[in-house]
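Summary of structural features
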Amino acid sequence: MRPQKAQKIDLNGEYPCPCRRRGRLIPIALTDAFGCNRCQQIFVVNENDNTIEQLSTHYSYKPAWRWTGKQWYRAYSNWKAHYLPLALVMILVPLVIWLPLALHSPGSNIIIWAMVAVLLAMLPALMVWLAYRR
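Keep in mind that what you see is a predicted model, and the values were worked out from it rather than measured. All residue numbers refer to positions counted from 1 along the written sequence of the respective chain. Totals for whole chains, interfaces and linings use all residues, but because this is a predicted model, local features are given only for residues with pLDDT of at least 70 and pairs of side-chain atoms are given and counted only at 80 or more. To obtain the side-chain values, all non-hydrogen atoms of the structure were included, while hydrogens and water were left out.

Some details on the overall build of the chain
Filter applied, for reference: Helix and strand assignments follow DSSP, with helices taken as H or I runs no shorter than four residues and strands as E runs no shorter than two, numbered in order from the N terminus. Only protein chains enter the accessibility calculation, which uses a 1.4 Å probe; a residue is then buried when its area is under 20% of its type maximum, exposed when over 50%, and partly exposed in between. Contacts are assigned to residue pairs with any non-hydrogen atoms lying within 4.5 Å of each other. To measure how exposed things are, a 1.4 Å probe is used in the Shrake-Rupley method; for residues, cover is taken only from the protein chains shown.
For the chain, the helix and strand inventory stands at two helices and seven strands. The secondary structure elements of the chain, listed N-terminal to C-terminal, are β-β-β-β-β-β-β-α-α. The proportion of buried residues among the 134 residues of the chain is 27%. Within the chain, contacts between residues at least 6 apart in sequence are counted, and of these 33% link residues at least 24 apart. When the accessible area of the chain is evaluated, it comes to approximately 10,000 Å², of which 62% is carbon and sulfur surface.

Concerning the side chain of Q41
Keep this limit in mind: Nitrogen and oxygen atoms within 3.5 Å of one another constitute a polar contact, given that in protein one can donate a hydrogen and the other can accept it, and given that sequence-neighbouring residues count only through two side-chain atoms.
Here Q41 shows up in the loop between strand 3 (33-36) and strand 4 (42-45). Here Q54 takes part through its side chain, which lies 2.9 Å from a polar atom of the side chain of Q41. Filtering out sequence-adjacent residues up to four positions away, Q41 remains in contact with F34, G35, C36, Q54 and L55.

A look at the sheet that holds strand 5 (residues 51-55)
Keep this limit in mind: DSSP bridges decide pairing: two strands pair if at least two such bridges lie between them.
Ordered by their spatial adjacency, seven strands build an open sheet running 1-2-3-4-5-6-7, and the pairing between neighbours is antiparallel. Pairing within the sheet leaves two strands with one partner each, and these edge strands are strand 1 (15-16) and strand 7 (72-74). The sheet contact formed by strand 6 (residues 64-67) and strand 7 spans three bridges and is antiparallel. Residue pairing across strands places W67 opposite W72, the latter belonging to strand 7.

Comments concerning a nonpolar patch on the surface
As a reminder, the rule being used: Grouping into patches uses exposed residues only, defined as over 30% relative accessible area, and leaves out salt-bridged ones; the cut-off is 9 Å for like charges and 5 Å for nonpolar side chains (Val, Leu, Ile, Met, Phe, Trp, Tyr). By definition, a salt bridge exists where a carboxyl oxygen of Asp or Glu is found within 4 Å of a side-chain nitrogen of Lys or Arg.
A cluster of nonpolar residues, V89, V93, V96, I97 and L101, forms a patch on the protein surface that exposes about 450 Å² of accessible area. Judged by relative accessible area, which is 47%, I97 ranks as partly exposed.

Looking at the state of the cysteines
For clarity, the threshold we go by: The disulfide criterion is simple: two cysteine sulfur atoms within 2.5 Å.
For the structure on display, the rule yields zero disulfides. Left without a disulfide partner, C36 is nearest to the cysteine sulfur of C39, which lies 3.5 Å away.

Overview of the nonpolar core
Note the cut-off: Grouping buried Ala, Val, Leu, Ile, Met, Phe, Trp, Tyr and Cys residues that are joined through side-chain atoms within 4.5 Å yields what is termed a nonpolar core.
Counting 13 residues, the largest nonpolar core has I9, Y15, L25, F43, I52 and W72 as the members making the most contacts within it. Elements that contribute at least two residues to this core include exactly strand 3, strand 4 and strand 6.

So this is what it looks like as structure tokens:
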């Protein structure tokens, strides 16, 4: 289901916090910004008045959200969300291909096949760990 069309953000209104901590965004006087009363984050309204960005020193990117009138939606796609399915595919495809090859190979090649499979399975695990670490 596609998110609804973004609505203009009222600079004098109150909104739920997009960080999902049950806080409320309260306007900061004389600015185009909101502050959360629970997580103490500051959110700045963009010039088009339909997205907000979180001011944060912890991340190299600024998370942004769109207001639809009922709830917040991410303004930009989260590239980290695609790492877990990609990692699972990278683990399952070699296992599906290599398992029959390893079982039907003559001699003691099964140890080599197992070592290669473990090493290649560690690559996506490393990729997911790097993506989700803080």
